[in-house]
Protein chains: 2
Amino acid sequence: MLRSERHSRIMQQLYTTGSVYVADLARTFQVDAVTIRRDLAELERAGQLHRVHGGAMLRAGQMAEGLPSLRPATQQQIERRIAEAAARFIPDHSVVFLGTGALTRAVTPFLNKHTHLTIITNALDIAWDIAQQARLAQPIMHTLHLIGGQAAPDYGLYGEDEALRRVRADLVIFEAGGLDAERGLTHDNRDCAHTTRMLLGISSQTVALVAPERVGRAGAIFIAPASEVDVLISGHEAPTPPLWDLSELGVRIILT
Amino acid sequence: MLRSERHSRIMQQLYTTGSVYVADLARTFQVDAVTIRRDLAELERAGQLHRVHGGAMLRAGQMAEGLPSLRPATQQQIERRIAEAAARFIPDHSVVFLGTGALTRAVTPFLNKHTHLTIITNALDIAWDIAQQARLAQPIMHTLHLIGGQAAPDYGLYGEDEALRRVRADLVIFEAGGLDAERGLTHDNRDCAHTTRMLLGISSQTVALVAPERVGRAGAIFIAPASEVDVLISGHEAPTPPLWDLSELGVRIILT
DNA sequence: CTAAAACGTGCATTATCGTGCAAAATTGCG
DNA sequence: CGCAATTTTGCACGATAATGCACGTTTTAG
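Rules and cut-offs
- Residues numbered from 1 in each chain as written.
- Chains lettered and ligands numbered in written order.
- Predicted model: local features only at pLDDT ≥ 70, side-chain atom pairs only at ≥ 80, totals over all residues.
- Domains from an automatic or database assignment.
- Helix = DSSP H or I, 4+ residues; strand = E, 2+ residues; numbered from the N terminus.
- Expected span 1.5 Å × (residues − 1).
- Buried ≥ 20, exposed ≤ 12 C-beta atoms within 10 Å, placed from the backbone.
- Near = placed C-beta within 6 Å.
- Nonpolar A, V, L, I, M, F, W, Y, C, P; charged D, E, K, R; others polar.
- Pairing = 2+ DSSP bridges.
- Axes fitted to C-alpha atoms, helices over the stretch in contact; angles between N-to-C directions.

1. Considerations on the domain arrangement of chain A
Here chain A is partitioned into domain 1 (3-62) and domain 2 (73-255). A separation of 33 Å is found between the C-alpha centroids of domain 1 of chain A and domain 2 of chain A.

Below, the structure written as structure tokens:
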């Protein structure tokens, strides 16, 4: 394993979990702890992280708002752009379902401009965000409906399919782990994939949020053919060839 | 867990709840209370918080929006005492339902000492607290199940009675708006009263948390006769005559 | 005033760190 | 291709930091 390869994977780990441990890294990379320390020392000199006893953490400025969104700033901006585009898609006084995932959660701050939405979700974090917003801004009060179920590490609530079957929505917004003309709509999480599959049936319009790097790629679990997606929202960084194929299937494509 | 990781999570907790307790943090992070005190001392030297006997609070100027601790300190301590007594009632490996309300929510910090609970709730705030705790302390992971429904201003989720009918629990813990031998178990919130009424049927043991000043009084909506309550937990400030009457009905009374 | 809880501190234990040095791998050059 | 220079890595070991436990002191609550 190359030294710089290790460095980038350390940073990657750091951005996803917020902290890294010397002992863990030494074990995963099969190198001595001393080597990891030297790596961390170098990355710290480069200003990429902040060393602490036992490991390293992101530098103060890199950590937006404490814990949430430990992803790098550029990633956050892409998320924000996609989320804002998705919010523009929501008509006032409509019923909208929001699925799980960081991209979908990023939509919630933009819902304040709308008047009287009915928001249905199976994501605990999204529900909390919206409930908190309702607290802060009294005048705006959307109706929030939560689908029950067992809480998963991704804040998703799964297992109450009956409740899902009883709802309908004007618009379904969800995050896809992968979207490709040939391999269809996919996700890496089994429960989330199952829920998304059910969501496609409860609404006349389906909006898939896809991270630019996931366009034209496929996740582990198949959900539905790509033609089931009405609108794809992603970033302009997405590769264009897969987009053409999707467009031919009737998917409306929005890049921001 | 890294030291600085603990620090940032302590600050996070502090910003969300307004105050932290040494004992709670020690349980959550699975470390000795001494370690937490040292953490708090360090954070205080850095000007991040203000230490007090038993824990720490945000510094005067930091009060963000005056969000937390709308209740006076004494009220909070009564809450805490009742909540701790309720937590002692929960056996390990059991299925426990937590209803809505501030008293019930106060129970969640004490659930860290238990091993593998299955927690069912219809309260969005409680679900969020527990999910966050699971994030903080990796080793401890309870199973969390959320009853869906429409979100109300009290963070309760109401309207999914079918889901309620399908669950059972070893123990139901809920907050009563009033408890009196003659007028029975009552609440001021119609939805909450309805949910509580259903809860009485799903478990063999029912625990009512009642604020001391509500003992012997009655709320707007009747829920059930007082004899339906197995255990009443309140503070020692509660008036004694009503307690005698309740005791004669077979209600086990615990005052803290 | 008394009992219980929380606190601070010293000390032992354990984990982590930094550094010098040698082995191994990589690179550069004839 | 050979060989020396350079870089990278691993190991050893003294130094340092973090943590838990014990015990005497202080604070709190009734």
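Next comes the rest of the account.
2. Some points on helix α1 (residues 3-17) of chain B
All names here are of chain B. Helix length check: α1 (15 residues) gives 21 Å between terminal C-alpha atoms against 21 Å at 1.5 Å per residue, within 8%. Turning to α1, its buried residues are Ser8, Arg9, Ile10, Gln13 and Leu14. Among the residues trailing α1, Gly18 stands out with phi positive, at a value near 90°.

3. Topic: the protein's contact with DNA strand D
Around DNA strand D, the structure places Arg3, Val31, Asp32, Val34, Thr35 and His53 of chain A together with Arg3, Val31, Asp32, Val34, Thr35 and His53 of chain B. For the surface near DNA strand D, the secondary structure elements donating two or more residues are α3 (33-45) of chain A together with α3 (33-45) of chain B. Here the residues of the surface near DNA strand D sort into four nonpolar, four polar and four charged.

4. A look at the sheet that holds strand β5 (residues 118-121) of chain B
Read across the open sheet, the nine strands follow the order β8(A)-β7(A)-β6(B)-β5(B)-β4(B)-β9(B)-β12(B)-β14(B)-β15(B); overall the sheet is mixed. With one partner strand each, in any of the chains shown, β8 (157-159) of chain A together with β15 (252-255) of chain B form the two edges of the open sheet. Within this sheet the neighbouring strands show an average axis-to-axis angle of 25°, counted without direction. Bridge count for strand β12 (residues 206-209) of chain B against strand β14 (residues 231-234) of chain B is three bridges, and the pairing is parallel. The residue of β14 of chain B that forms the bridge with Val207 of chain B is Val231 of chain B.

5. Let's talk about the pairing of strand β12 (residues 206-209) of chain A
Residue and element names in this part refer to chain A. Side chains of β12 alternate between two faces, with Thr206 and Ala208 and Val207 and Leu209 buried alike. Sheet topology places strand β9 (residues 171-175) next to β12; four bridges connect them, and they run parallel. In the sheet register, Phe174 faces β12, and the bridge partner there is Ala208.

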